[in-house]
Amino acid sequence: MQFFFEVLIGGLLSGIMYSLVALGFVLIYKASGVFNFAQGAMVYFAALSLVGCMEKGAPLWLAFILAFVVMTLLGIATEKFVLRKMVNQAPIALFMATIGLAFFIEGLAPMLWGNEVRPLNIGLVDEPIAWILDRYNIVVSSFDLAAAGLALALVAVLALFFQYTRIGRALRAVADDHQAALSIGIPLQHIWALVWAVAGFVALVAGMLWGSRNGVQYALTFTALKALPVLILGGFTSVPGAIVGGLIIGASEKLAEIYIPPVLADIFGGNFGGIENWFPYVLALLFLLVRPEGLFGERHIDRV
Amino acid sequence: MFYRETGQFKTSYAADQQIFPIRQDRIGIAILLVVAFVVVPLVAGSYWFNAILIPFLIFSLAALGLNILTGYAGQLSLGSAAFMAIGAYAAYNFHVRVEGMPILVSFILAGLTAAGVGILFGLPSLRIKGFYLAVATLAAQFFIVWCLTKFPYLSNNSSSGVISVPDVEILGYKFDTPPARYLLVLTLVSLMALAAKNMVRSTTGRAWMAVRDMDVAAEVIGIRLMHTKLLAFAVSSFYCGVAGALYAFCYLGSVEPDGFSLDLSFKILFMIIVGGVGSILGSFLGAAFILLLPIFLDISLPWLSGLLHLPFEGATVSHIQLMVFGALIMFFLIVEPHGLARLWQIGKEKLRLWPFPH
Amino acid sequence: MINKLKKLVIASSIAAALLASTAPSAQAAEEQFFMLPSYRVGPYGANGQSFYGGFIDYLSYVNMKGGIDGVQNTWEECETEYNTAKGVECYERMKSKAQKAPGPIHTMSTGISYALVDKTAADKLPLAMMGYGLTSAVDGSVFPWAFPLVTTYQMQASAIIKFLKDKNGGNLTGKKIVFLYHDSAYGKEPILALEAESKLNKFTLVQIPVAHPGNEQGAQWQRIRQEQPDYVIMWGWGVMNMTAIKTAQKMGFPREKMIGSWWAGSEEDVIPAGDAAKGYMSATWNVSGKAVPLIADIEKTVYGAGKGNLKDTSKLGTILYNRGVSAAVLSVEAIRAAQAKYGKGKAMNGEQVRWGLENLNLTEARLKQLGATGLLPEVKTSCSNHEGSGKVKLQQWDGAKWVPLTDWIEGNKALIHPLFQADAAKYAKEKGITPRDCSKEK
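The rules behind the values
Residues numbered from 1 in each chain as written. Chains lettered and ligands numbered in written order. Predicted model: local features only at pLDDT ≥ 70, side-chain atom pairs only at ≥ 80, totals over all residues. Helix = DSSP H or I, 4+ residues; strand = E, 2+ residues; numbered from the N terminus. Buried ≥ 20, exposed ≤ 12 C-beta atoms within 10 Å, placed from the backbone. Contact = placed C-beta atoms within 7 Å. Rg over C-alpha atoms; globule rule 2.2 N^0.38 Å. Nonpolar A, V, L, I, M, F, W, Y, C, P; charged D, E, K, R; others polar. Core = buried A, V, L, I, M, F, W, Y, C linked by C-beta atoms within 7 Å. Pairing = 2+ DSSP bridges. Axes fitted to C-alpha atoms, helices over the stretch in contact; angles between N-to-C directions. Parallel < 35°, antiparallel > 145°, perpendicular 65-115°, else oblique. Expected span 1.5 Å × (residues − 1). Arc of directions from axis to C-beta. Left-handed = near helix turned anticlockwise from the far one by under 90°. Right-handed = clockwise from strand over helix to strand, strands pointing away.

## Some words on the overall build of chain C
What chain C contains, in helices and strands, is 15 helices and 15 strands. Its C-alpha atoms give chain C principal-axis dimensions of roughly 65 × 65 × 40 Å. Looking at chain C residue by residue over its 442 residues, the buried ones come to 62%. Considering only contacts within chain C whose residues lie at least 6 apart along the sequence, 71% involve residues at least 24 apart.

Pasting the structure below:
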């Protein structure tokens, strides 16, 4: 039972890390209806920029600000040179464009900052919390706990930002209805650039945490693949959905990885580990069969 | 001036409904086929066969498969590579395990196996739509590759999971030279492209397009949604499966499950987007473009840097290549979202009027 | 910005120097062409960068020292991104150039080498797979053109077991060892060997696969914590390595009990893990550092003349850089061996280089001549043994550099080599290959 709880807690904490990446997807999808496949590449780019600035001698806080500036510029450029030119195109075309963008960023980032694998030290040590280990014999990572705290703080800040600032209100208006927002004088393009910048900020936080967890390198782009099932489970348009989805995916994937392979091995013989890659997708798929719009997604009504 | 249908009268429905109603098109396609079947094998070298023509044809077939599903039936899929994997592994197993199984039958059975699995993974499409479906097809992508890795039976108990296929042999003739393999692939691809072209012009194709454009409306006018969608999944997977079998048997010779990664699925998706969604010709044009562009950049960039005396080291060239590739995809989508096939169509229309402006 | 400009100026002068230097050699009569299907971008780009940097630097070094008895090395790179289809395209593109006088082909990718085994045999080009690729090619009677030189996954796994056995007073009975592996052809290869070893040495083997790319290993390490193994042997690659090390720290598993394969034992794997990697061990078939005279000499000669391949000179002397140099040393020595038989100072064709690879005899004395004492083990190949060594060293990361722990350790050949032969025989049967009779080869 102890072991079960250990796996569960570990899973929930990793789940938050997935939510963090998923959040970037949700923000952009909500505001501009674009399924931004480049989010993973943005995480990579942000983390590389952060490390790059730190290597040049900037302290963490300054490097963070500089990296945020870089991500904002990227967001503005994306809006100006890509999205603006693609207004009114089919969603799939926009989706494809973001895949193109992902390639572009994956080439640009290492060209600017070099492609060596680099450590990123943000002053958090990743070791089991001693007193929990002593008392309950359960490993809880101090780093994951701190990361989860940071992620929740980020969500809170975003929620406040959307709720109480002028720009936040404009963003929500755009998310609700582009044309209506435009007609009451909200500058759509500014809002889009802004939301890309916010997504860049989320990518930066995600990149910082993932980067200090696994090293800053190309593999950060794969974090997007971890976020996609979170996205379908939680719904493309819901911020709480991304968080809850992340928790569910994280926990169930870890539990599945521990408890399902032995069962399969009993039936078929052999070694069936490594189901983490597909399990969240299948789980999300099964869930969708029951509720096609995701956990918190908007219900879709078809009219002829 | 030369490309004009003036004076070509149709006197029967058959003549009106043929694939190429314009005489010049028929001549054009005949020339193309002669070039592909006769001239190319005579003049092309082994690099062209092994590295360009054979993969081009195989990817065209896979793109054709995806185009049927995405372009005609409107179901976005990110799992085409997994269906290719099924085709490759199924063909290998039929070939190795059944003594004396003719290879072409193995290919067809491989396609059918892929189609069966395709129907299974198509079932969610009855409930899920759009991007949700696209992400759901990723489940197929990861699950299938995992299965191929995990069941040693599927790779004939190879300790590494890699399968290494023997040469193709039909009726005692060994297809072991590049031109022979090319002709085999070309024949299969041409036949299947013809079948696809006819399929999309038939009732089936029209039903697919109706579903694509609005499935609720399609249902209202009496199209059976389940039947139509699943058929699209089956046919598409069949095409991808055969492409996968050819990929293993006529192109690489040895494949591992990880080779059929998400990247490959994306590559095929790129092909239909660049080539033209909902166009048979587009599948071929897109495959050629996506396949040739990196090779072209790879060769031209170092040359260009030498010419301009720019200090490109190996890594930089690769990075620029990636950037140019991404930028071109975006450029294409901005300038011509309907792809190369649309450009071709525009060209033809202009040619009809030429030399007059209107 | 100024820094960048400076870099640009330096880089352009290097390029100019390179252009100037390669121009005359292009007119030299005798040339040996190395095709390099390399990778410097993508998920494993950082690893390829060091390896191919070292490889090319050694080729330049040999050229500057007068070539291989006057024969100059030329080479061309083609980016594969570690992708099999791209690798095949690169191979097809460059093979006509290599037809006349090829150097051994190094892909540094198991997938690409698998795809090239049959193609290189048909085209009569020698394929080297140093520490990766199709390991049953050790049996040269079935694979005349493929050379898994120095050592293979299986022999390496066996050597690691031997190391652990020595560490435990010659007895592993009742111990528990976890095998944590990248779930691909690469990670699965050593399983048979480890199973055989576990039967022989009576230890419990627990296999835990990690799905590609392996950037999340929480569940796997929780399982390891539950199993409480004595050791963890890890077959990882790329991001999986540092994630494993970091997750081990997170779970409180001592790194001193983790042993990586040689693809899991480079600076690229441990530096990003920071302090977590201290005490972590790995196998290797070459040592790191610039203490080896050859590496120091390359730095002085090649980089001194501004002809180095790497912009980032901090990579010199790293494990993967030195591995690239070692791979190039073996390739050049094979060509030398071929020249000794077929004519000194002449470019060698594919068949001749193949003979050279099959009759390689790199002794301690020769290594000393090259200034490469201790860089790599002695290698002696033959028709029936394309591996030629089967020895590895164990090394430990002390937080700043890799410290060799042992001398060269050879795996259990009597146990492992029959596995290769059985596998090669199966391959020959499936493909309809009639094996050569090795007793008739000279």
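From this point, things continue past the structure.
## Section: the overall build of chain B
In terms of helices and strands, chain B carries 14 helices and 4 strands. Here the C-alpha atoms of chain B give a radius of gyration of 21 Å, agreeing with the 21 Å that 2.2 N^0.38 yields for 358 residues. Over its C-alpha atoms, taken along the principal directions, chain B stretches across nearly 65 × 65 × 45 Å. Taking all 358 residues of chain B together, 51% fall into the buried category. Intrachain contacts of chain B at a sequence separation of at least 6 include 75% that bridge at least 24 residues.

## Quick word on the interface of chain A and chain B
Contacts between the two partners involve 39 residues from chain A, matched on the other side by 34 residues from chain B. Per-element accounting of the side of chain A that touches chain B gives the leading share, 15 residues, to helix α4 (residues 91-113) of chain A.

## Focus: the interface of chain C and chain A
One frequent convention defines the size of an interface as the accessible area lost when the parts assemble. With 35 residues of chain C at the interface, the matching set in chain A holds 35 residues. Mapped onto the side of chain C that touches chain A, the elements with two or more residues apiece are α2 (45-64), β7 (204-210), α8 (218-227) and α9 (239-250) of chain C. Counted by class, the side of chain C that touches chain A contains 15 nonpolar, 13 polar and 7 charged residues.

## Some details on the nonpolar core
Formed by 363 residues in total, the largest nonpolar core has its most connected members in A47, L50 and V195 of chain A together with I58, A62, A85 and L246 of chain B. Ranked by residues supplied to this core, first place goes to helix α10 (residues 225-252) of chain B with 19 residues. In this structure A62 of chain B touches S80, M84, Y239, C240, A243 and I268 of chain B, once residues within four positions along its chain are discounted.

## A closer look at the environment of E92 of chain C
When you line up the elements, E92 of chain C lands in helix α3 (residues 84-98). Overall, E92 of chain C belongs to the buried group, with 22 C-beta atoms counted inside 10 Å. Put simply, E92 of chain C and I105 of chain C are 13 residues apart on the chain and 12 Å apart in space, counted from C-alpha to C-alpha. Apart from residues lying up to four places away in sequence, E92 of chain C is in contact with Y47, N50 and A51 of chain B.

## Focus on the sheet that holds strand β5 (residues 146-147) of chain C
Residues and elements named next belong to chain C. Strand order across the open sheet formed by 3 strands is β3-β4-β5, with parallel pairing between neighbours. The open sheet has two free edges, formed respectively by β3 (105-106) and β5, since each of these has just one partner strand. As paired elements, β3 and strand β4 (residues 127-128) share 2 bridges and run parallel to each other. Along β4, the bridge assignment pairs I105 with L127.

## Some words on the packing of helix α1 (residues 2-32) of chain A against helix α9 (residues 188-214) of chain A
All names here are of chain A. At a closest axis distance of 9 Å, the pairing of α1 and α9 adopts a crossing angle of 175 degrees. Comparing the axis directions of α1 and α9 gives the class roughly antiparallel. Residues M17, L20, V21, L23, G24, L27, I28, A31 and S32 of α1 form the contact with α9, whose own contacting residues are I191, W192, V195, W196, V198, A199, V202, A203, V205, A206, L209 and W210. Residues of the contact of α1 with α9, tallied by class, amount to 19 nonpolar, 2 polar and no charged.

## Let's talk about helix α15 (residues 413-431) of chain C
Taking 1.5 Å per residue, 19 residues should reach 27 Å; α15 of chain C reaches 26 Å between its end C-alpha atoms and fits that length. Listing the buried residues of α15 of chain C in full gives I416, H417, F420, D423, A424 and Y427 of chain C. Along the axis of α15 of chain C, the buried positions cluster into a sector of 120 degrees, meaning they face one direction only. Residues of α15 of chain C that are exposed and point more than 90 degrees away from the buried face comprise A414, P418 and K429 of chain C. Next to the buried residues of α15 of chain C lie β1 (163-164) of chain B together with α5 (153-167) and α7 (191-201) of chain C. Just beyond α15 of chain C, the residue with positive phi is G432 of chain C, at close to 70 degrees.

## Brief notes about the environment of C78 of chain C
You can see C78 of chain C is positioned in strand β2 (residues 72-79). Linking C78 of chain C and Y91 of chain C, residues 13 residues apart in sequence, is a C-alpha distance of 8.5 Å. Not counting residues within four places of it along the chain, the set of residues in contact with C78 of chain C comprises D298 of chain B together with L36, P37, C90, R93 and M94 of chain C.

## Describing unusual backbone geometry
Residue and element names in this part refer to chain C. Here H212 and P213 are connected by a cis peptide whose omega angle stands at -5 degrees. Residue position: P213 is located in the loop between β7 and α8. Notably, K202 is not glycine yet its phi reads approximately 60 degrees, a positive angle. On the secondary structure map, K202 appears in the loop between α7 and β7. We classify K202 as exposed; it has 12 C-beta atoms within 10 Å. Not every positive phi belongs to a glycine, and Q228 is a case in point at roughly 50 degrees. Tracing the backbone through its elements, the reader meets Q228 in the loop between α8 and β8 (231-235). The exposure class assigned to Q228 is exposed, which follows from the 9 C-beta atoms found within 10 Å.

## Overview of the packing of helix α3 (residues 46-72) of chain B against helix α12 (residues 280-308) of chain B
Residues and elements named next belong to chain B. At their nearest, the axes of α3 and α12 sit 8 Å apart, and the two run at 135 degrees to each other. In terms of orientation, α3 lies oblique with respect to α12. At the point where α3 passes α12, the crossing takes the right-handed sense. Where α3 approaches α12, its residues I52, P55, F56, F59, S60, A63, L64 and N67 are matched on the opposing element by I280, G282, S283, F284, G286, A287, A288 and L291. Here the residues of the contact of α3 with α12 sort into 11 nonpolar, 5 polar and no charged.

## Some points on the pairing of strand β6 (residues 176-182) of chain C
Residues and elements named next belong to chain C. Across the 7 residues that make up β6, a large majority, 6, are buried. Summarising the sheet, β6 and β7 pair through 7 bridges and their orientation is parallel. Its bridge partner being in β7, K176 is matched across the sheet by T204. Pairing analysis gives 5 bridges linking β6 to β8, with the strands arranged parallel. Within the sheet, the bridge partner assigned to V178 lies in β8 and is V232.

## Some details on the pairing of β8 of chain C
Residue and element names in this part refer to chain C. The element β8 is extensively covered by neighbouring structure, given that 5 of its 5 residues are classed as buried. Residues Y231, I233 and W235 line one face of β8 and the alternating positions V232 and M234 line the opposite face, and both faces are buried. As paired strands, β8 and strand β9 (residues 258-260) are joined by 3 bridges and run parallel to one another. Considered in β9, the bridge of M234 is made with G260. A crossover connection joins β8 to the parallel β9 through α9; in handedness this β-α-β unit is right-handed.

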